[in-house]
Amino acid sequence: MISTAVSVPMPIVPRRRRTPSDVAAASPVDGPRRVLLAAPRGYCAGVDRAVIAVEKALEHYGPPVYVRKQIVHNVHVVSTLEAKGAIFVDENEEVPEGALVVFSAHGVSPAVVASAADRGLRTIDATCPLVTKVHREAVRFAKDDFDILLIGHEGHEEVEGTAGEAPEHIQIVNGPHEVDKVQVRDPEKVIWLSQTTLSVDETMETVRLLKERFPTLQDPPSDDICYATTNRQVAIKNISPRADLVIVVGSANSSNSVRLVEVALEYGALASYRVDFANEVDERWFEGVATVGVTSGASVPEILVQDVLRLLADYGYADVEEIVTAEEDLLFSLPKELRATLKAAGDTSHALGGRGTRPSN
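Residues numbered from 1 in each chain as written. Predicted model: local features only at pLDDT ≥ 70, side-chain atom pairs only at ≥ 80, totals over all residues. Heavy atoms only, no water.

1. Structural notes on the overall build of the protein
Link 1 in the chain: In terms of helices and strands, the protein carries eleven helices and 14 strands.
Link 2 in the chain: Taken along the three principal axes of its C-alpha coordinates, the protein extends 70 × 65 × 55 Å.
Link 3 in the chain: By residue count, 51% of the 361 residues in the protein fall in the buried class.
Link 4 in the chain: Of the accessible surface of the protein, which amounts to about 16700 Å², a share of 53% is contributed by carbon and sulfur atoms.
Link 5 in the chain: Computed over 36 positive and 53 negative side-chain charges, the separation of the two mean positions in the protein equals 3 Å. (Helix = DSSP H or I, 4+ residues; strand = E, 2+ residues; numbered from the N terminus. Buried < 20%, exposed > 50% of the residue type's maximum accessible area, 1.4 Å probe, protein only. Areas by Shrake-Rupley, 256 points an atom, 1.4 Å probe, with all protein chains shown as cover. Lys, Arg positive; Asp, Glu negative; His and termini not counted. Charge placed at Lys NZ, Arg CZ, Asp CG, Glu CD.)

2. Comments concerning the pattern of salt bridges
Link 1 in the chain: Per the counting criterion, the structure on display carries 22 salt bridges.
Link 2 in the chain: A salt bridge links Glu91 to Arg68; its shortest N-O distance comes to 3.0 Å. One end of the pair, Glu91, is in the loop between β3 (86–89) and β4 (100–103); the other, Arg68, is in strand β2 (residues 65–68), and 23 residues separate them in sequence.
Link 3 in the chain: Across the salt bridge formed by Glu205 and Arg208, the nearest N and O atoms sit 2.7 Å from each other. Of this pair, Glu205 and Arg208 both sit in helix α7 (residues 200–213), three residues apart, roughly one helical turn. (Salt bridge = Lys/Arg side-chain N within 4 Å of Asp/Glu carboxyl O.)

3. Quick word on helix α10 (residues 302–314)
Think of an α-helix as turning once every 3.6 residues; residues three or four places apart then point the same way.
Link 1 in the chain: Given a rise of 1.5 Å per residue, 13 residues ought to cover 18 Å, and the 19 Å separating the end C-alpha atoms of α10 matches this to within 8%.
Link 2 in the chain: Burial in α10 covers these residues: Glu302, Leu304, Val305, Val308, Leu309, Leu311 and Leu312.
Link 3 in the chain: In this structure, the buried residues of α10 make contact with β1 (34–39), α3 (75–84), β9 (245–249) and β11 (291–296). (Expected span 1.5 Å × (residues − 1). Contact = heavy atoms within 4.5 Å.)

4. Structural notes on the sheet that holds strand β8 (residues 190–194)
Link 1 in the chain: Overall, parallel pairing links the three strands, which are arranged β7-β6-β8 in an open sheet. The open sheet has two edge strands, β7 (170–173) and β8, and neither has a second partner. Strand-to-strand, the axes of this sheet are offset by a mean angle of 25°, without reference to chain direction.
Link 2 in the chain: Bridge count between strand β6 (residues 147–151) and β7: four bridges; the pairing is parallel. Each bridged residue has a counterpart across the sheet, and for Ile148 the counterpart in β7 is Ile170.
Link 3 in the chain: Here helix α5 (residues 129–143) sits on the sheet and contacts β6, β7 and β8; the angle it forms with β8, its principal contact strand, is near 165°.
Link 4 in the chain: Where α7 meets the sheet, it contacts β6, β7 and β8, and its direction lies at approximately 150° from that of β6. (Pairing = 2+ DSSP bridges. Axes fitted to C-alpha atoms, helices over the stretch in contact; angles between N-to-C directions.)

5. What about the packing of aromatic side chains?
Link 1 in the chain: For the structure on display, the rule yields four aromatic pairs.
Link 2 in the chain: Their ring planes at 80° and their centres at 5.4 Å tell us that Phe141 and Phe146 sit as a pair that is edge-to-face. The burial state of Phe141 is the same as that of Phe146; both residues are buried.
Link 3 in the chain: Where Tyr273 meets Trp285, the ring centres are 4.0 Å apart and the plane angle is 5°; that geometry is what we call stacked. (Phe/Tyr/Trp six-rings, centres within 6.5 Å; stacked < 30°, edge-to-face > 60°.)

6. Description of the sheet that holds β4
Link 1 in the chain: Spatially, the four strands line up as an open sheet ordered β3-β2-β4-β5, and their pairing is parallel. Each end of this open sheet is capped by a strand with a single partner; those strands are β3 and β5 (122–125). Strand-to-strand, the axes of this sheet are offset by a mean angle of 30°, without reference to chain direction.
Link 2 in the chain: Note: β4 against β5, four bridges, orientation parallel. Along β5, the bridge assignment pairs Val102 with Ile124.

Written out as structure tokens, the structure is:
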């Protein structure tokens, strides 16, 4: 008789969090403990607009409301909307014919719009207006027969949407390491565009190298990297040289959140980590740390930052100084498909996306 060994997985035992006194004893800190809190941080106007669009669709049309891809790249936001009746899908084919689907803030290609029409889907386009601007630039320069070098991360939803506007004219350049592989038809008719959520520094390094190869490479009519991405990177650049540790609140698939960790390390932070929630913060990070920098990506609700600040206070980092490097007051109108419904219902509670103050949930 042959016996077969059965592997039984070990149960997951929660790690016991060390007490503040344990951490202090392990590695004393010279000087007072403090937090440098970046501003701006968190929700941008495009994210706010997209989230409100789903909330209002659920309120006025009732669940379920289908959303193609994550409306924004944040675990908490997606799970909160799911609890209210949103159903997130990867493709239009997963949406029942005739149902309502919301396109995410990252934008979609014309092929996605056409497939929705073929299935008779009702649509709300929550694409960020700054992403739509890049789409229009791609269409315009393709019409003029330019080769378009799209700097961005291949596979990212925003890049797929932009590239889909003119696939025969667009090459994706993932970063400086791919510049040598770029081939164009006419070096005199080349322009670069970019994903809106990239590292400003890395993007400009890619552009610099491209211009070494193609000296007449044209710049986009206006900056493609969005104001919120730039502002959050500027803020963390200001804080990082003074920080022993930088904590970035944001999800792993949020490009701008991941970039903030990279920027923090590049500009002098001794350590930097990304977390979705406060319970992911490892108290061992605090050993020997006097100054903690805190920021959040452009799709992060402020409540998640406040949770991190409460945890930091428990470990002696109760002195919080907000470092303000810019003021943001940009507002975007809600998607036109939704505005008509809200107007007919007499709902004027959120005619604009961008709450003006940081959201609490």
